[in-house]
Amino acid sequence: MRGHQLPIGAIAFASGFLNVVNCGNDIDRANDRGRCPFPLPWTIPWLPSVACRADASGYDSMEPTLAEAIPATGELRLPVSGGRDPDDNTDTVTGVFHKLNPQHAKLLLVQVVFRHGARTTLSNRSELWRGQQWDVCGEAYQAAAVRLFSTAGVENPVSKHDLRQRSVVLEGGCRKGELTLLGQSQALDLGRWLRSNYVARDGFLPPTYQDGVVEARTTNISRTIATLRGVLTGLYPDLSKQQHPEHQQQLQQRQQEGQVLQPGSQLLLQPQLQEQSQLQEQSPRVPHVTTSADLDEILYADTRACPHLGSFQAVSRELGRAAVRSDPDYEWARGELLGLLGMDPVSFDSNRWIFTDVHDVMTSLAAHGKTLPPGFEGHNRLLAVIDRLATKEFSAEVAPSMRNSHGLTILRLSMGRLLHILVENMQRGVVAAAAAAGGAVATSAGTGSSSAAAAADAARSPFVAAGSVDGKTQPKMYLYSGHDSTIMPLLSAMGLDIIKWPPYMSNLVFELWQLPSRRPGAEPRYVVRVLFNKEELSLPHCPPGFLPSLQTFQCEVVGPFQLSAQRHQELCRVKVEHDGAMPQPKAKAASDTA
């Protein structure tokens, strides 16, 4: 999808705080990316007259969605004199962007996607922490118990990847990649912030945990499972207090035997899974959490399930290497690291993750107050360059820029299913709100009658139908526990350049709001607000001070990237040598992934 022009922002990550720089401050750079906010009106030549569709090629076309077309002629314009609806109180721009006043709007749904908390290093470069003790693990508090089920219905599914990581015991007692005491505290803090905002302040969620109100999913990795438990504990402290004393004593005994999930660990032994399940069933209100089955991951790019994705990533990886080597500080940083790491130039140049590897160690050591190795401690310039080059190195593969010729394809095949689910949850939230109000399902997710079809189709989905017939509660909050490789591509898909690595416990919050009716009998309006690390994120697609309607968010913000599970499977089955309209990676790069 090329030639589209939309606003763009540049994002900066620093100590967990967000700085968003409107691209009006750097129009030339924004134009290079193909998205320019000023001058207005904006032109969007790619916006067609069919629902959420970019073009007819296999990868660059949108999966048909529940919404119909936004009436459009190919461009969006700010209203001119006399062009406003006199009843809209000047809060709407052309009907697709809205201002939000939370005091006069109704919150319908909250979805939170977060990276795990602080962990031990994943690197094998033990020389970088020689003399340091990884003694920062254990149990920081009694975390909420959960029952983990795969999408295939298997309880406590084993992750071979996680077992391999955790089989490595670091000097000091921690395991490789383990969530630390600090990471557990960070997870608890996020849960407390969610409670403060959505329970105490807004009364959006009930004060105590209720089945069906919060739905959660995590990758099948110990640190993300433990992080999710910490977030649930902060959100609902009663979850950690509801276990019967005898039940807790039995669980602690199993923990000592290495047979039960601890706050920072994965299940390593499973000789008594049935007995553990019985113990957990005896505990009241234990949340059921979904994780991926084999080859069913949605929270990071899984090339096992989609080998075709790996071939495109190989091409993007080479582009990333070129970007790293063209950086003005590359040669200087390379020289510094050759001396500090004691590597020969050939080994250094052949290591495709050299900056990412070093960055991982430095980040983990610094987060836990450990002394950095000689030559790194106090060398702020080197550390800053390593962070920048590592971000270029890693993001080229997991969160490529749209300037990358295969960026759209990679983001679709990696994050398309998650984005599809996020939007689908919002559509179901619209249906639930209409049902709760006793109104017709034909409500509006944006402007015009298009969202009536969206709501009607959502109402016919098995999830909503089952909830309405069986009296199940429609979830009001979804929690997704993932990785940096979850946060980074989501930010990229929303039009933001990744220029610094998102810190531990980085999070994105997607809020769905219903605005008050402009006049009696008018269709309700819905807007989406996105927060990054607890601060409102200025989406580059929107004029300053405005939020996208649900339909605009669905079709224009994340529309080009969404993929249903079925469509994802279809595209992942396409062979690299397929002769068709879909963009293909170069043969040489594809062979490199063998």
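Definitions and cut-offs
- Residues numbered from 1 in each chain as written.
- Predicted model: local features only at pLDDT ≥ 70, side-chain atom pairs only at ≥ 80, totals over all residues.
- Heavy atoms only, no water.
- UniProt positions renumbered as here; feature names shortened; annotations may be inferred.
- Disulfide = S-S within 2.5 Å.
- Helix = DSSP H or I, 4+ residues; strand = E, 2+ residues; numbered from the N terminus.
- Buried < 20%, exposed > 50% of the residue type's maximum accessible area, 1.4 Å probe, protein only.
- Pairing = 2+ DSSP bridges.
- Contact = heavy atoms within 4.5 Å.
- Axes fitted to C-alpha atoms, helices over the stretch in contact; angles between N-to-C directions.
- Core = buried A, V, L, I, M, F, W, Y, C linked by side-chain atoms within 4.5 Å.
- pLDDT = per-residue confidence, 0-100.
- Phe/Tyr/Trp six-rings, centres within 6.5 Å; stacked < 30°, edge-to-face > 60°.
- Lys NZ or Arg CZ within 6 Å of the ring centre and 35° of its normal.
- Salt bridge = Lys/Arg side-chain N within 4 Å of Asp/Glu carboxyl O.
- Parallel < 35°, antiparallel > 145°, perpendicular 65-115°, else oblique.
- Left-handed = near helix turned anticlockwise from the far one by under 90°.

Looking at an unreviewed UniProt entry, one finds the chain named Acid phosphatase and attributed to Volvox africanus. According to its UniProt record, the chain has this under Sequence similarities (unreviewed entry): "Belongs to the histidine acid phosphatase family."

**Q** Tell me about the state of the cysteines, residues and numbers included.
**A** Considering all chains together, one arrives at two disulfides under this definition. Residue pairing for Cys137: its cysteine sulfur links by disulfide to Cys174, the two sulfurs lying 2.0 Å apart. In this structure, the disulfide formed by Cys137 and Cys174 twists by about 120° around the S-S bond and is classed as right-handed. With a gap of 37 residues between them, Cys137 in the loop between strand 5 (106-115) and strand 6 (147-150) and Cys174 in the loop between helix 2 (160-166) and helix 3 (181-201) connect regions that are remote in the sequence. Paired through a disulfide, Cys306 and Cys572 show a sulfur-sulfur distance of 2.0 Å. Across the S-S bond of Cys306 and Cys572 the torsion is about -95°, and the bridge reads as left-handed. One end of the pair, Cys306, is in the loop between strand 8 (288-291) and helix 7 (307-325); the other, Cys572, is in helix 17 (residues 565-573), and 266 residues separate them in sequence. Residues Cys306 and Cys572 agree in their burial class; the two are buried.

**Q** Can you lay out the sheet that holds strand 6 for me, pointing to particular residues and giving the numbers?
**A** Backbone hydrogen bonds are what pair the strands of a sheet, in a parallel or an antiparallel way. Read across the open sheet, the eight strands follow the order 6-8-7-9-5-11-12-13; overall the sheet is mixed. At either end of the open sheet lies a strand with only one pairing partner, and these are strand 6 and strand 13 (535-536). The sheet contact formed by strand 6 and strand 8 spans four bridges and is parallel. Bridge pairing in strand 8 links Ser150 to Thr291. Sheet contacts for helix 15 (residues 484-493): strand 5, strand 9 (477-482), strand 11 (507-515) and strand 12 (525-532); angle to strand 5, the most-contacted strand, approximately 125°.

**Q** Pulling in residues and values, what's your account of the nonpolar core?
**A** Across soluble globular proteins, nonpolar side chains show a tendency to be buried alongside one another. Residues Phe355, Phe376, Met494, Leu508 and Phe553 are the most contacted members of the largest nonpolar core, which totals 75 residues. With 10 residues, the single largest contributor to this core is helix 12 (residues 407-436). If sequence neighbours within four positions are ignored, Leu508 has contacts with Gln111, Val112, Val113, Ile487, Leu490, Leu491, Met494, Val530, Leu531, Phe532 and Leu537. Ala216, Val289, Leu479 and Trp513 belong to the second-largest nonpolar core, a separate cluster that totals 41 residues.

**Q** Quick rundown of the confidence of the model for the chain? Include the residues and the values.
**A** Summary statistics for the chain give a mean pLDDT of 76 and a share of 68% for residues scoring 70 or more. Counting contacts from residues 254-272, a segment whose pLDDT is below 50, to residues more than four positions away or on other chains yields 57 contacts. Confidence over residues 279-283 falls short of pLDDT 50; this stretch has 15 contacts with residues more than four positions distant or in other chains.

**Q** Please give an account of the packing of aromatic side chains that cites residues and values.
**A** Using the criterion set out here, one finds 10 aromatic pairs in the structure. The interplanar angle of 10° and the centroid separation of 6.4 Å between the aromatic rings of Tyr478 and Tyr480 together place this pair among those described as stacked. Note on accessibility: Tyr478 and Tyr480 belong to one class, buried. An aromatic cluster of three or more residues is present, and its members are Trp193, Tyr198 and Phe204. Above the ring of Trp332, the side-chain terminus of Arg381 is found at 3.7 Å from the ring centroid.

**Q** Give me the pattern of salt bridges: which residues, what numbers.
**A** As enumerated under the stated definition, the model contains 22 salt bridges in all. For Arg125, the salt bridge is made with Asp357, and the minimal N-O distance between the two is 3.3 Å. Taken together, the positions of Arg125 in the loop between strand 5 and strand 6 and Asp357 in helix 10 (residues 354-367) put the pair 232 residues apart, joining distant regions of the chain. Residue class for Arg125 comes out buried when judged on its relative accessible area of 13%. Between Arg428 and Glu424 there is a salt bridge, with the nearest N and O atoms lying 3.5 Å from each other. Of this pair, Arg428 and Glu424 both sit in helix 12, separated by four residues, roughly a single helical turn. Salt bridges here are not isolated pairs; linked through shared partners, they connect Asp327, Asp329, Arg381, Arg388 and Lys392.

**Q** Now, about the packing of helix 7 against helix 11 (residues 380-398): what can you tell me, with residues and values included?
**A** It is the contact of helix 7 with helix 11, at a shortest axis distance of 7 Å, that shows an interaxial angle of 160°. Classified by the angle their axes make, helix 7 and helix 11 are roughly antiparallel. Considering only the axes of helix 7 and helix 11, their crossing is right-handed. For the pair helix 7 and helix 11, the contacting residues are Gln313, Ser316, Arg317, Gly320, Ala323 and Val324 in the first and Leu389, Lys392, Glu393, Ala396 and Glu397 in the second.

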